[in-house]
Amino acid sequence: MSSPLFPVILAGGKGERFWPLSRQDRPKQFLSLDGSSRSLLQSTAERLVKFAGEWNDLWVITSSQLGQGVQQQLPELPSQNLLTEPQGRDTAAAVAWASLEIQKRYGDDAIIGFFPSDHWIADPEAFKSTLDAATQLATSTEAIVTLGIKPTFPSTGYGYIEQGEKIGTFNELPAYHVNRFTEKPIREKAETFLSTGRYSWNSGMFVFRAGVVLKELYTYAPEIIEPLVEHGVDVYPQLPKKSIDYALMEKTNLVYVLPAEFGWDDLGDWNAIERLLKKPDDPNVELATHVGLDTQGAIVYATNPEDVIVTIGLEDVVIVRDRNVTLIVNKERTQEIKQILKTLQGDPRFTDLL
């Protein structure tokens, strides 16, 4: 029997803030960052296929440059369930195209879930329970359901969702109408959000019926959905580059949030490694052969186990050695790695480093 939910993995990202480990031929979703032998994409697929029931119900959308890599990482994925975008146009186009393809095959009532390929989930059972609740809500109501994460600290790196009126309980989880989305706030505002108890982090995971999301896209993002319906994927390079949050979620009145707790991290930059792997008694997080003297709060990573990294008197730095590149950056400035990449892109000497 076919699954009531068709999970779609969004696997087209670049993961630039994990450079130099993440590069054009080996983006973040192809990496293992949690100390396991499985890549983030493989872990995501295995978690979702257990929920879906079979590989035939799982879909992946990625860039044309990464399609072959996805096939190598997920050999059990049916080729017809792998959608390759001719050009990256952000998540609105990806959600629209994948929803159209699933609607063509399974109809308007097909329940679709969208999941980034590079997130870490600590408690798969709690995650499954949350997905069950989201599926129940999307089945019974014209709803675009977003999975909210109950915040544990006033993060300035995540978007926030303000919950409004409670509309019911699904699989023992309360569901709320969404009042508004707020992009990454300053710390004072984030602290205020937490103090109210009405805000969740925006996980970027959504569940809805195919017919519902397509109807809302026609209303709020016709410039994306209409060309896709009329011309197919060939029109992709002409589509506007918009996130699904901006194109639809911030405009529709059908969006609901399920605040959940299943241990989550979006693995946005190198500091995520510390959140996942730091042990209380260890001064540093070491995924390398590291010899340190008076070094505290460092994240040390090397691809080659024969490379030795020696530090003296360092504090709160990230050191990454991969192939022919060494990165050394203060932990509070890892977001600026993207700026360095723009500099490298402008110099032909560094093309091979990207």
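Please read all numbers here as calculations on a predicted model, not as lab measurements.

J.: Would you take a moment to explain the overall build of the protein for this structure?
T.: In terms of regular secondary structure, the protein is built from 10 helices and 17 strands. In terms of overall size, the protein behaves like a compact globule, its C-alpha atoms giving a radius of gyration of 21 Å where 354 residues would be expected to give roughly 20 Å. Projected onto the principal axes, the alpha-carbon positions of the protein cover approximately 60 × 45 × 40 Å. A burial count over the protein gives 53% of its 354 residues as buried. Counted over contacts in the protein with a minimum sequence separation of 6, partners at least 24 positions apart contribute 67%. Of the roughly 16400 Å² of accessible surface on the protein, a fraction of 47% belongs to carbon and sulfur atoms.

J.: I keep staring at helix H4 (residues 124–140) and nothing clicks. Help me out?
T.: Since the α-helix turns once every 3.6 residues, residues separated by three or four places project in the same direction. Here H4 spans 24 Å end to end across 17 residues, near enough to the 24 Å set by a 1.5 Å rise per residue. Of all the positions in H4, only Ala126, Phe127, Thr130, Leu131, Ala133, Ala134, Thr135, Leu137 and Ala138 are classed as buried.

J.: How should a positive patch on the surface be read in this particular structure?
T.: Residues Lys14, Lys184, Lys241, Lys338 and Lys342 make up a contiguous surface patch of positive charge. Tracing the backbone shows Lys241 in the loop between helix H7 (222–231) and helix H8 (244–249).

J.: Before we go on, may I ask you to explain the packing of aromatic side chains in this structure?
T.: Geometrically, a pair of aromatic rings is defined through the distance of the ring centres and the angle of the planes. Under the defined criterion, the tally for this structure stands at 13 aromatic pairs. Arranged with centres 5.7 Å apart and planes meeting at 65 degrees, the rings of Trp97 and Tyr236 form a pair that is edge-to-face. Of the two residues, Trp97 sits in helix H3 (residues 90–106) while Tyr236 sits in the loop between H7 and H8, which places them 139 residues apart along the sequence. In this structure Trp97 comes out as buried when scored by relative accessible area, which is 9%. Between Tyr158 and Trp264, the aromatic rings sit 5.1 Å apart at their centres with planes inclined by 55 degrees, giving tilted as the arrangement. Taken as a pair, Tyr158 in the loop between strand S6 (144–149) and strand S7 (160–170) and Trp264 in strand S11 (residues 264–265) lie far apart in primary sequence, 106 residues in all. Across the pair, Trp264 and Tyr158 agree in class, each one buried. Counting every residue linked through ring pairs, the aromatic cluster contains Phe153, Tyr158, Trp201 and Trp264. Note that Lys251 overlies the ring of Tyr246, its terminal NZ or CZ placed 5.2 Å from the centroid.

J.: What should I look at first to understand the pairing of strand S8 (residues 173–182) in this one?
T.: Within a regular strand, side chains alternate between the sheet's two faces. As paired strands, S7 and S8 are joined by 8 bridges and run antiparallel to one another. Its bridge partner lying in S8, Lys166 is registered against Tyr176. Relative to strand S10 (residues 255–260), S8 is paired through 2 bridges, and the arrangement is antiparallel. The residue of S10 that forms the bridge with His177 is Tyr256.

J.: Sorry, what's going on with the pattern of salt bridges here?
T.: Here the idea is simple: oppositely charged side chains can pair when their charged atoms come close. A complete count under the given rule lists 22 salt bridges for this structure. A salt bridge links Asp265 to Arg275; the shortest N-O distance between them is 2.6 Å. With Asp265 in strand S11 and Arg275 in helix H9 (residues 271–277), the pair connects residues that are 10 residues apart, well separated along the chain. Judged by its relative accessible area of 42%, Arg275 falls in the partly exposed class. Among the salt bridges present, the one from Arg333 reaches Glu336, with a minimum N-O distance of 2.8 Å.

J.: Please explain the sheet that holds strand S17 (residues 325–330) as it appears in this structure.
T.: One key point about sheets: their strands pair by backbone hydrogen bonds, in either a parallel or an antiparallel sense. Across the sheet, 4 strands lie side by side as S12-S14-S16-S17; this open sheet has mixed pairing. Both outer strands of the open sheet, strand S12 (285–287) and S17, are each paired with one neighbouring strand and no more. For this sheet, the mean inter-axis angle between neighbouring strands, taken without regard to orientation, is 5 degrees. Across 6 bridges, the pairing between strand S16 (residues 317–322) and S17 is antiparallel. The residue of S17 that forms the bridge with Arg321 is Thr326.

Analysis parameters
- Residues numbered from 1 in each chain as written.
- Predicted model: local features only at pLDDT ≥ 70, side-chain atom pairs only at ≥ 80, totals over all residues.
- Heavy atoms only, no water.
- Helix = DSSP H or I, 4+ residues; strand = E, 2+ residues; numbered from the N terminus.
- Rg over C-alpha atoms; globule rule 2.2 N^0.38 Å.
- Buried < 20%, exposed > 50% of the residue type's maximum accessible area, 1.4 Å probe, protein only.
- Contact = heavy atoms within 4.5 Å.
- Areas by Shrake-Rupley, 256 points an atom, 1.4 Å probe, with all protein chains shown as cover.
- Expected span 1.5 Å × (residues − 1).
- Patch = residues over 30% accessible without salt bridge, like charges linked within 9 Å, V, L, I, M, F, W, Y side chains within 5 Å.
- Salt bridge = Lys/Arg side-chain N within 4 Å of Asp/Glu carboxyl O.
- Lys, Arg positive; Asp, Glu negative; His and termini not counted.
- Charge placed at Lys NZ, Arg CZ, Asp CG, Glu CD.
- Phe/Tyr/Trp six-rings, centres within 6.5 Å; stacked < 30°, edge-to-face > 60°.
- Lys NZ or Arg CZ within 6 Å of the ring centre and 35° of its normal.
- Pairing = 2+ DSSP bridges.
- Axes fitted to C-alpha atoms, helices over the stretch in contact; angles between N-to-C directions.

Function cannot be inferred from these measures alone, as they are strictly geometric.
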